[in-house]
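# Structural characterization, general
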Amino acid sequence: MNSFTIAHLSDLHCGGAYFVPDLMERAIADINALDPDIVVCSGDLTTFGFKEEYAQAKRYLDRLDCEAFVVVPGNHDSRNVGYVHFEELFGGRNSVLRRNGVTVVAVDSTEPDLDHGQIGRGRYGWIEAEFAEPADLRVFVLHHHLLPVPGTGRERNIVYDAGDAIECLQRAGVNLVLCGHKHVPYAWRLENLFVVNTGTVSSLRLRGKTRACYNVVETNGTHVDVWRCYPFHGRERIIQFDLDTLEYEKYTGKIEREVTTRQ
């Protein structure tokens, strides 16, 4: 696989009191200047799932100059029967995108009017079948967490079937999981799977000292860099890894390094 770029944003929360248009405007400008191959938006486009909030989110997202766009709803989007507006404006809540050796499978992990979510064992077979085709990079997208994120409270924030879902993704040979939800960016390696969630791109509903941000995934051959990008404030690398050897470096102020090879 040659160089490939994915821009990953999440948790816009249009319509809310903490939504900051300037942050969204800057993120759009920066992402368009980046010219990514795929843009991923992992949910919570709205605050209450209302039609006008969806319309506002659509107006912003339509300004992203990228032909390959992947979007799933978040728990806020499924409030007040908001998923009907999602389908009208963005299409199916589950999708598959294949582009230049990259396969992206995206699922709706939400439950109507509930904050928790699940993948659902009824979808495991479909997920594995869609990832069965040859690909250099396999990416899975959902809104909720697969693993507990430090600084976000109780572990109820993960999908209810996280263990089974992770086994499904490992059987499917997934390399990278992208998610959002609790506005605290983080990255892990779990065996041969890398899980990276981003924060909110345009809301001030922030925990502790976190800042509004989005992520950029850059690949060059088997090497992958993931950058955390702050509107108006530059970017920092949060993790880099190799798809073949699984060697990685994780950056959390100090470098955490583990060198591992595939068995």
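Residues numbered from 1 in each chain as written. Predicted model: local features only at pLDDT ≥ 70, side-chain atom pairs only at ≥ 80, totals over all residues. Heavy atoms only, no water.

Applying the stated criterion across every chain yields a total of seven aromatic pairs. Between Y54 and F86, the aromatic rings sit 6.5 Å apart at their centres with planes inclined by 75°, giving edge-to-face as the arrangement. With Y54 in helix α2 (residues 51-61) and F86 in helix α3 (residues 83-90), the pair connects residues that are 32 residues apart, well separated along the chain. Aromatic side chains F86 and F90 sit 5.4 Å apart centroid to centroid with 35° between the ring planes, which places their arrangement in the tilted category. (Phe/Tyr/Trp six-rings, centres within 6.5 Å; stacked < 30°, edge-to-face > 60°. Helix = DSSP H or I, 4+ residues; strand = E, 2+ residues; numbered from the N terminus.)

The strand order β4-β5-β8-β9-β11-β10 describes an open sheet built from six strands, whose pairing is mixed. The sheet is open, and its two borders are formed by β4 (95-99) and β10 (186-190), each paired with just one other strand. Averaged over all pairs of adjacent strands, the angle between their axes in this sheet comes to 15°, without regard to strand direction. Where strand β9 (residues 176-179) meets strand β11 (residues 193-197), four bridges bridge the pair, whose relative direction is parallel. Directly across from V177, in β11, lies its bridge partner V195. Contacts from helix α4 (residues 124-131) reach β4, β5 (102-106) and β8 (137-141), with the element oriented near 165° to β5. (Pairing = 2+ DSSP bridges. Axes fitted to C-alpha atoms, helices over the stretch in contact; angles between N-to-C directions. Contact = heavy atoms within 4.5 Å.)

Let us look at the side chain of D44. Relative to the elements of secondary structure, D44 occurs in the loop between β2 (38-41) and α2. Buried charge without a salt bridge: D44, with R205 as the nearest opposite-charge side chain at an N-O distance of 5.9 Å. Engagement of the side chain of D44 in a polar contact is seen with the backbone nitrogen of N75, the distance being 3.2 Å. A polar contact is formed between the side chain of D44 and the backbone nitrogen of H76, at a distance of 2.9 Å. Setting aside residues no more than four positions away along its own chain, D44 makes contact with D11, L12, H13, P73, G74, N75, H76, D77, H143 and H181. (Buried < 20%, exposed > 50% of the residue type's maximum accessible area, 1.4 Å probe, protein only. Lys, Arg positive; Asp, Glu negative; His and termini not counted. Salt bridge = Lys/Arg side-chain N within 4 Å of Asp/Glu carboxyl O. Polar contact = N/O pair within 3.5 Å; in protein donor to acceptor, adjacent residues only side chain to side chain.)

Note on backbone geometry: most residues besides glycine have negative phi, and most peptide bonds are trans. Even without glycine at this site, D35 takes up a positive phi of about 55°. By the element assignment, D35 lies in the loop between α1 (21-34) and β2. For F232, which is not glycine, the phi dihedral falls at a positive 80°. By secondary structure assignment, the location of F232 is in the loop between β13 (223-229) and β14 (235-242). Here F232 falls in the partly exposed class, since its relative accessible area comes to 43%.

Attention shifts here to the layout of surface pockets. Looking at the largest pocket, its volume works out to about 240 Å³. If you go around the largest pocket, you meet 15 residues; those closest to its centre are R228, E236, I238, Y251 and T252. Elements that contribute at least two residues to the lining of the largest pocket include exactly β10, β14 and β15 (248-252). Taken together, the residues that form the lining of the largest pocket break down as six nonpolar, three polar and six charged. (1 Å grid on protein atoms, 1.4 Å probe; cavity = no way out; pocket = protein on both sides within 12 Å on 5 of 7 lines; lining within 4 Å. Points joined across faces, edges and corners; volume = space filled by probe spheres on them. Nonpolar A, V, L, I, M, F, W, Y, C, P; charged D, E, K, R; others polar.)

As a further point, take α2. What sets the pattern is the α-helix's 3.6 residues per turn: residues three or four places apart point alike. Inspection of α2 places E53, Y54, A57, Y60 and L61 among the buried residues, and these make up the whole buried set. Within α2, the buried residues cover an arc of 120° as seen down the axis, which keeps them to one side. Seen from the open side of α2, the exposed residues pointing more than 90 degrees away from its buried face are K51 and E52. Of the surrounding elements, those touching the buried residues of α2 are β1 (4-9), α1, β2, β3 (69-71) and α3. (Arc of directions from axis to C-beta.)

Interpretation note: all reported values are geometric properties and have no functional meaning in isolation.
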